[in-house]
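Report on the structure
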Amino acid sequence: MLEANLELVHRGLVLYTFGNASGISRDHGLVVIKPSGVPYEKMKPEHLVVTDLDGKIVEGNLRPSSDLPTHLVLYKAFTEIGGVVHTHSEYATAWAQARREIPCFGTTHADYFYGPVPVTEPMPDHEIAGEYEKNTGTAILRAFSGRNPSDLPGVLVANHGPFAWGENAETAAHNAVILEALARTAYFTTTLNQQASPIGKTLHDRHYLRKHGSSSYYGQAKDGK
Ligand SMILES: [Zn+2]
């Protein structure tokens, strides 16, 4: 978990104490998350906070990241995920602030996201005034109505920034790094050609499906198969 958090720093995704990564043990029903406000360079494994799925602290002396309730909403709704990462990485946040989904302009995007990176609707005032972090999770779930979190491992929260997830914390951090790279190249694409159109379906399918799904063939076989 510490390594997943530090990966965000090493890849230039976080400033100061921004951002947080968590992981879940489904067997134990326990979540491990970054503590709130501790500088990354001083963070040690014992600073991480263990909570249950209701956010009750089970282990650790520090307060968990204030975004914990968002992570918990995602773990409860997206039962296939094992890690969640939130950053304010520059280009993904720019798209989130522009409240624009990121179109799939090329094969790098198509390798990871089966379609555009969704953006949430702005949250109504009563949700912001209420349980804000939990309601941020609810806004993400609304954006995923009819969408599959396994096919789209990240989202832009309007006027805020990206959340990414994966089968574990390491994959979630990796997907957050990829999401920032996609946001950056998509920004350059639209700058160079404001009429740039998304990748065609055949090329998109070819790239996504060779890495994911039952007939994937990219990389090395797993489990000796
Ligand atoms: Zn944030």
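As the structure is a computational prediction, the values presented were derived from the model and not from experiment.

**A closer look at the coordination of the zinc ion**
- Here the zinc ion is held by H86 (NE2), H88 (NE2) and H160 (NE2), and the distances to it run 2.0 to 2.1 Å.
- In primary sequence terms, the donor set of the zinc ion follows H-x1-H-x71-H. A residue pair is termed long-range when its members are at least 10 positions apart, and H86 in strand 5 (residues 83-86) and H160 in the loop between strand 6 (154-157) and strand 7 (161-166) qualify at 74 residues.

**Regarding the packing of helix 2 (residues 68-77) against helix 6 (residues 132-143)**
- The interhelical angle for the contact between helix 2 and helix 6, taken along N-to-C directions, is 40°, at an axis separation of 7 Å. For the element pair helix 2 / helix 6, the angle class is oblique. The way helix 2 lies across helix 6 gives a crossing that is right-handed. Together, P69, T70, V73, L74 and A77 of helix 2 and E133, K134, T136, G137, T138, I140 and L141 of helix 6 make up the contact between the two elements.
- Residues that form the contact of helix 2 with helix 6 fall into these classes: six nonpolar, four polar and two charged.

**Quick notes on the nonpolar core**
- Core analysis: the largest hydrophobic core is formed by 33 residues, its most contacted members being L74, I102, I140, F144, F163 and W165.
- Broken down by secondary-structure element, the contributors of at least two residues to this core are strand 2 (30-33), helix 2, helix 3 (90-97), helix 6, strand 6, strand 7 and helix 7 (169-192).
- It is helix 7 that contributes the most residues to this core, five residues altogether.
- Setting aside chain neighbours within four positions, we find F163 in contact with T70, H71, L74, V84, V85, H86, T136, I140, G154, V155, V157 and L179.
- Among the nonpolar cores identified, the runner-up in size contains 17 residues, and V38, V85, A169 and A173 belong to it.

**Looking at a nonpolar patch on the surface**
- Together, L15, Y16 and F18 make up a nonpolar patch on the protein surface, roughly 400 Å² of accessible area in all.
- Structurally, Y16 can be placed in the loop between helix 1 (2-10) and strand 1 (20-25).
- Of the residues examined, Y16 reaches a relative accessible area of 75% and is grouped as exposed.

**What to know about helix 7**
- Spanning 24 residues, helix 7 covers 35 Å between terminal C-alpha atoms, matching the ideal 34 Å at 1.5 Å per step.
- Two or three places before E170, at the start of helix 7, stands the capping residue N168, its side-chain oxygen 3.2 Å from that residue's backbone nitrogen.

Conventions we followed
- Residues numbered from 1 in each chain as written.
- Predicted model: local features only at pLDDT ≥ 70, side-chain atom pairs only at ≥ 80, totals over all residues.
- Heavy atoms only, no water.
- Donors = N, O, S within 2.8 Å, 3.2 Å for Na, K, Ca; no water.
- Helix = DSSP H or I, 4+ residues; strand = E, 2+ residues; numbered from the N terminus.
- Axes fitted to C-alpha atoms, helices over the stretch in contact; angles between N-to-C directions.
- Parallel < 35°, antiparallel > 145°, perpendicular 65-115°, else oblique.
- Left-handed = near helix turned anticlockwise from the far one by under 90°.
- Contact = heavy atoms within 4.5 Å.
- Nonpolar A, V, L, I, M, F, W, Y, C, P; charged D, E, K, R; others polar.
- Core = buried A, V, L, I, M, F, W, Y, C linked by side-chain atoms within 4.5 Å.
- Buried < 20%, exposed > 50% of the residue type's maximum accessible area, 1.4 Å probe, protein only.
- Patch = residues over 30% accessible without salt bridge, like charges linked within 9 Å, V, L, I, M, F, W, Y side chains within 5 Å.
- Areas by Shrake-Rupley, 256 points an atom, 1.4 Å probe, with all protein chains shown as cover.
- Salt bridge = Lys/Arg side-chain N within 4 Å of Asp/Glu carboxyl O.
- Expected span 1.5 Å × (residues − 1).
- Polar contact = N/O pair within 3.5 Å; in protein donor to acceptor, adjacent residues only side chain to side chain.

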